Amino acid sequence: MSRETIRILCVDDEPNVLKSLKRIFLDEEYEIFTAVSGEEGLEILHEHDAIQLIISDYRMPGMDGVAFLKKVYERWPDTIRIVLSGYADTASVVDAINEGHIYKFISKPWNDNELRVNVCNAIER
Amino acid sequence: MNSSKIKRDKAMQNLVADDHDSAVGENTIDQLLSQKDDLLKELEKKTAEIRQSEQIILGLLDIPHESAMLVNTKGRILAINTAGAQMLGRGRDVLFQQNLFDFLPEAISDRSREKFSEVVSTRKDVSFMEDQNGSSLVHHVYPVKDDAGIVTQIALYTRDVTERKKAEERLRETQKKLETMNMELITAYSELKSTQSKMLQSEKMASIGQLAAGVAHEINNPVGFVTSNLGTLRKYIDKIMEYHSFVTGSLSEFGATGVLEKIEAERKRYKIDYIMEDMGELIEESLEGTARVKKIVRDLKSFSRVDEDEYKAADINECVESTLNIVWNELKYKVEVHKELGDIPLIRCYPQQLNQVFMNLLVNAGQAIENHGEITIRTWCDDTSVKIRIADTGCGISKDKISRIFEPFFTTKEVGKGTGLGLSIVYDIIKKHQGDIDVQSQEGKGTTFEVSIPAVQEIDE
């Protein structure tokens, strides 16, 4: 493989969602990390270098998606951040864009292809 | 003639006789003198008695505020008290033996005359009232009969009731005021009650909205991963099928005869061919199911999202469509819905609220249809407004009820089915948009509601 394996972190409080996301990228040469909370997500980011892309839920117990991505932006500003949420009111989108500096807001239920294409485009950017 | 006069005449006769016959002498003169003294004493006594009884009668008569008089049938005054004299504006002495009618204004004297002759002929008392120069007088007329029962005199009592009438008037006014206030309170109370229930209802709708938004999120998670997993499963199956055909192909090429037959038997036993064929359909059907759930959740969200209840330009046809999606479950088994959505401009409105209008009208239409019927939704516009007509072929509304259907709490539905608020909310929302709602119904034939919303409104926000 000519270039480094892409590392993606998925954060969602619902493990089934995480497993589904992992399956979507089965055919891709990505290394997928998963976390069930923002706190766990930050730990993983600390432990593993060079995670390039983060897909996070918005509504989670404890730290919510925006707070998590805001922290990620402060510490790892070069990461690409995507919000994947079923709760898509205007206020949450505005928050995510302004505080988390996100690349994309994708609403649940997502379309697998769309998600794949978005991730692919983001990485190649 | 009274007895004292007879005595006196007798004494005079005696006196004259004595002049002719002086022989009767001094004895008789002494007798006469003493008789005269007796008579004078008696006279004095009687006069005192009369004066006393007169005083008693006057005392009885001279009550303030009530005039009393005795007149003969022609109106000549035989007795009158002070209040009576004051009423007639003369002294008592002047009035005595005068005709009462001479002192009364013409109209009143005519009326009194009438009443007097009535009393004389019927021999029964009468009362009448009379307003004069701002004062109110009540007259009681009593017949005074002689031994034969003929009315010879008339007693007239008059009382000034002006103050009493004024007091009564004031009392009536106060009562009227109280009644008005009471009515106002009743109205205010019922308004309060209806406002409260509307508030409860809108609060309920708001919390249903919040709930829906929250539930939508919760549903979107499982729908998300189920959909995604089904997609992945389809890919897995493709891979397995490819692998399977490779294996079967290799086996038929290189496999031992016994093994191949055994594999074939197992293949039949597990109905592998059928399963292979059906798997694809199974996944397609499941994906279609999740797509439907997705759509329902999206409609639910767009219908109930509270923060979107703002005044903005909206397409009424879209409102109708999205509302129809929501109530579709209640309608689909018995109702055929015809849509004739015309080319209408966007109008500024509260789309959520209009959604509620359409929902209430559509649910009602559905409930009016018992077994099977049709609902026709038509939209069009004229120069000034956008119109929406929702017509059903249901049971209709009777004439006596149609005027009341927009009243809060009025319901024809069975207990528990209707709150009686649906149409009153509809009415309020339409009025808020400065629109109109019109209803036409024929019992047994169906009901048509026509909503008209002005394209340009001035809303107090």
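Residues numbered from 1 in each chain as written. Chains lettered and ligands numbered in written order. Predicted model: local features only at pLDDT ≥ 70, side-chain atom pairs only at ≥ 80, totals over all residues. Heavy atoms only, no water.

Colleague: Give me the lowdown on the overall build of chain A, citing residues and values where you can.
Modeller: When helices and strands are counted, chain A shows 5 helices and 5 strands. Ordered by position from the N terminus, the helices and strands of chain A form the series β-α-β-α-β-α-β-α-β-α. Within chain A, contacts between residues at least 6 apart in sequence are counted, and of these 61% link residues at least 24 apart. Put simply, chain A shows about 6,100 Å² of open surface, and 44% of that area lies on carbon and sulfur atoms. (Helix = DSSP H or I, 4+ residues; strand = E, 2+ residues; numbered from the N terminus. Contact = heavy atoms within 4.5 Å. Areas by Shrake-Rupley, 256 points an atom, 1.4 Å probe, with all protein chains shown as cover.)

Colleague: Any chance you could break down the interface of chain A and chain B for me, citing the residues and the numbers?
Modeller: Where interface size is given, it is often the accessible area lost as the parts come together that is meant. The partner chain B presents 18 residues to the 22 residues of chain A that form the contact. When chain A packs against chain B, close to 1,700 Å² is buried across both sides, 48% of that on carbon and sulfur atoms. Linking chain A to chain B there are 1 salt bridge. A salt bridge links Asp27(A) to Lys239(B); its shortest N-O distance comes to 2.9 Å. Seen at the junction of chain A and chain B, the total is 7 residue pairs in polar contact (both at pLDDT 80 or more). Sort the elements by how many residues they give to the side of chain A that touches chain B and helix 1 (residues 15–24) of chain A lands first, with 5 residues. Looking at the side of chain A that touches chain B residue by residue, the classes come out as 7 nonpolar, 5 polar and 10 charged. (Buried area = accessible area lost by both parts, 1.4 Å probe. Salt bridge = Lys/Arg side-chain N within 4 Å of Asp/Glu carboxyl O. Polar contact = N/O pair within 3.5 Å; in protein donor to acceptor, adjacent residues only side chain to side chain. Nonpolar A, V, L, I, M, F, W, Y, C, P; charged D, E, K, R; others polar.)

Colleague: Could you give me a rundown of the nonpolar core, with the residues and numbers involved?
Modeller: Grouped together as the largest cluster of nonpolar side chains are 38 residues, with contacts concentrated most on Ile316(B), Phe358(B), Leu361(B) and Ile375(B). Elements with a minimum of two residues in this core: helix 9 (316–331), strand 8 (347–349), helix 10 (351–368), strand 9 (373–381), strand 10 (385–392), helix 12 (422–432), strand 11 (436–442) and strand 12 (446–454) of chain B. Tallying contributions element by element places helix 10 of chain B first for this core, with 8 residues. Dropping the residues within four chain positions of it, Ile316(B) is found in contact with Ile344(B), Ile347(B), Cys349(B), Leu354(B), Phe358(B), Val386(B) and Ile388(B). In terms of nonpolar packing, the next biggest core, distinct from the first, is built from 22 residues, Phe25(A), Val119(A), Ala122(A) and Ile123(A) among them. (Core = buried A, V, L, I, M, F, W, Y, C linked by side-chain atoms within 4.5 Å. Buried < 20%, exposed > 50% of the residue type's maximum accessible area, 1.4 Å probe, protein only.)

Colleague: Could you give me a rundown of unusual backbone geometry, with the residues and numbers involved?
Modeller: For the bond running from Lys108(A) to Pro109(A), omega is -5°, close enough to zero to count as cis. Even without glycine at this site, Gln97(B) takes up a positive phi of about 75°. Relative to the helices and strands, Gln97(B) is located in the loop between helix 4 (92–95) and helix 5 (106–122). Since its relative accessible area comes to 34%, Gln97(B) is described here as partly exposed. Notably, Arg123(B) is not glycine yet its phi reads approximately 60°, a positive angle. In this structure, Arg123(B) sits in the loop between helix 5 and strand 3 (126–132).

Colleague: Tell me about the sheet that holds strand 2 (residues 77–80) of chain B, and please be specific about residues and values.
Modeller: Residues and elements named next belong to chain B. Spatial strand order, 2-1-5-4-3: 5 strands in an open sheet with antiparallel pairing. Two strands bound the open sheet, and with one partner strand each, they are strand 2 and strand 3. For this sheet, the mean inter-axis angle between neighbouring strands, taken without regard to orientation, is 20°. Sheet topology places strand 3 next to strand 4 (residues 135–145); 7 bridges connect them, and they run antiparallel. Note that in strand 4 the partner of Glu-130 across the bridge is Leu-137. The strands touched by helix 5 within the sheet are strand 1 (66–72), strand 3, strand 4 and strand 5 (151–160), with strand 3 carrying the most contacts at an inclination of about 175°. (Pairing = 2+ DSSP bridges. Axes fitted to C-alpha atoms, helices over the stretch in contact; angles between N-to-C directions.)

Colleague: An account of the environment of Glu118(B) is requested, with residue identities and associated values reported.
Modeller: All names here are of chain B. Position of Glu-118 relative to the elements: it lies in helix 5. For Glu-118, a relative accessible area of 33% puts it in the partly exposed group. Leave out the neighbours within four places in its chain, and Glu-118 touches Arg-123 and Val-126.

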